[in-house]
Amino acid sequence: MREDTRRWIEADKKHCWHPFTPQGIWEQGDPLVLTRGEGAWLWDSEGRKYLDGNSSIWTNIHGHHQPALDAAITRQLAAVAHTSYLGFANPLASELAERLCGLFPGGTLERVFFSDDGSTAIECAMKMAIQYRQQTGEPERIGFIAFEQAYHGDTMGAASLGGVARFHERFRKHGTPVTFVTGIEALRHLPSEAIRQSCAVVIEPLIQGVNEMRPWPKGMLCELRAWCDAHEVHLILDEVMTGFGRTGKMFACHHEEVIPDFLCVAKGLTGGYMPMAATLTTGEVYDAFLGPAENAFYYGHSYTANPLGCAVALASLEVFETERTLEKLEPKISLLAELLGDLKHPAVKAVRQCGFVAGIELAEGLGTKACLAMREHGLLTRPIRDTVVLMLPLCTTEEEIRMAVSAIGEALARVTA
Ligand SMILES: *Cc1c(COP(=O)(O)O)cnc(C)c1O
């Protein structure tokens, strides 16, 4: 091991604390130190290269070190790195907001509230949904309806909507009142009292990510929209994972032509370059925050609408057009389905795919072992329990997709030998 790698690992073990990580186990191993990226590839500090099999925790879209994205940041850096959005506008935030709204039919999602990450995008939607009711004569509607096993982030509000017991249970009583349902049928059977106390339903459209990549039944989103309309409950779509092409269309809601009342985006917004998020909403919601000053939305973060983030987000949307990213993705999605279909191994319990997102459920106890073995075959990813996540950057080539799936096959053969 190189001297500097050794030094970084020592400092990590001595001073760093990692997300979602049992640190006692972490300290017994030697983590990879990632130092460089190019396209769908990452390099560690020892010079070994790996396919970025989970798009750097579901964020990367057009690859690493992407020339157009790099250039956008450099260009903005020459002007200014950050200015306050509190009391001031900035050029690229104006352009980005316009561009994001333009991805939806005119007169639907018209307003963009910027924040920092998926959790804060959800936090904003929740607070807006509650305050909207206060200002439209239904202040008793403070609850939310969410789905079991859902994941919407880790800040206190967003975590209240989370249905994963290990992550969320211990903070449950500190959060917002939430009614959990298993699916659309359970929703239809909710007592009307519970509905009248709820301001919004929150869902990860098409597929629940953290719940081991579990897709919803086809047409479910449409039915949910109709149910929300019938009961005057707002629909919050958490497209933090599904946004920006992951499911094969720009947004998951485009598959069923559903327009939510709030749309939360983050991870892929900047192509996976910078922490930045947005909550999009309708003119109707926005209008309820006009009038006297106490009706304003008193919420914000210091780095809201950070110009570097806006610059790279705009560049990413531009690349979707110049590179025809979604068009080129279609054959890749089919190829992935075909290759995963051929991944016949007794340890594979189920394969779930939604667009370019896949979860390969392995026999109990194999998730972590298999992912560690995949590193030896040049693929970097992380399991959710025993489900291996395969979520490659959209720029991944067909040859690289083949490599990724064969790395999974080889790793499986090895850990089950
Ligand atoms: C990652 C994720 C979040 C939280 O986003 P952060 O940027 O990690 O705060 C929320 N919802 C979904 C569906 C996610 O995948």
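Conventions adopted
Residues numbered from 1 in each chain as written. Predicted model: local features only at pLDDT ≥ 70, side-chain atom pairs only at ≥ 80, totals over all residues. Heavy atoms only, no water. Core = buried A, V, L, I, M, F, W, Y, C linked by side-chain atoms within 4.5 Å. Buried < 20%, exposed > 50% of the residue type's maximum accessible area, 1.4 Å probe, protein only. Helix = DSSP H or I, 4+ residues; strand = E, 2+ residues; numbered from the N terminus. Domains from an automatic or database assignment. Contact = heavy atoms within 4.5 Å. Axes fitted to C-alpha atoms, helices over the stretch in contact; angles between N-to-C directions. Parallel < 35°, antiparallel > 145°, perpendicular 65-115°, else oblique. Left-handed = near helix turned anticlockwise from the far one by under 90°. Nonpolar A, V, L, I, M, F, W, Y, C, P; charged D, E, K, R; others polar.

Engineer: Tell me about the nonpolar core, and please be specific about residues and values.
Structural biologist: Judged by nonpolar contacts, the single largest core of 82 residues is most densely connected at Leu 100, Phe 114, Phe 244 and Leu 390. Considering every element that reaches this core, the biggest residue donor is helix H16 (residues 398-415), with seven residues. Three or more residues apiece are contributed to this core by two domains, here domain 1 (32-62 + 324-415) and domain 2 (68-322). Excluding its chain neighbours within four sequence positions, the residues that come into contact with Phe 244 are Ile 61, Leu 100, Met 250, Phe 251, Val 265, Gly 268, Leu 269, Leu 317, Phe 320 and Leu 394. Listed in part, the 27 residues of the second largest apolar core include Ala 129, Phe 144, Cys 199 and Cys 264.

Engineer: Lay out the packing of helix H14 (residues 325-341) against H16 with the relevant residues and their values.
Structural biologist: Running from amino to carboxyl end, H14 crosses H16 at an angle of 25°, the nearest separation of the two axes being 10 Å. The orientation of H14 relative to H16 falls into the category roughly parallel. For the element pair H14 and H16, the recorded crossing hand is right-handed. Listed contacts from H16 to Pro 331, Lys 332, Leu 335, Leu 336, Leu 339 and Leu 340 of H14 are Glu 398, Ile 401, Arg 402 and Val 405. Split into classes, the residues belonging to the contact of H14 with H16 amount to seven nonpolar, no polar and three charged.

Engineer: Tell me about the side chain of Ser 316, and name the residues and values.
Structural biologist: Structurally, the position occupied by Ser 316 is in helix H13 (residues 307-322). Residue contacts for Ser 316: discarding those within four places in its chain leaves His 62, Leu 69, Gly 268, Leu 269, Thr 270 and Gly 271.

Any functional reading would require information beyond the geometric quantities listed.
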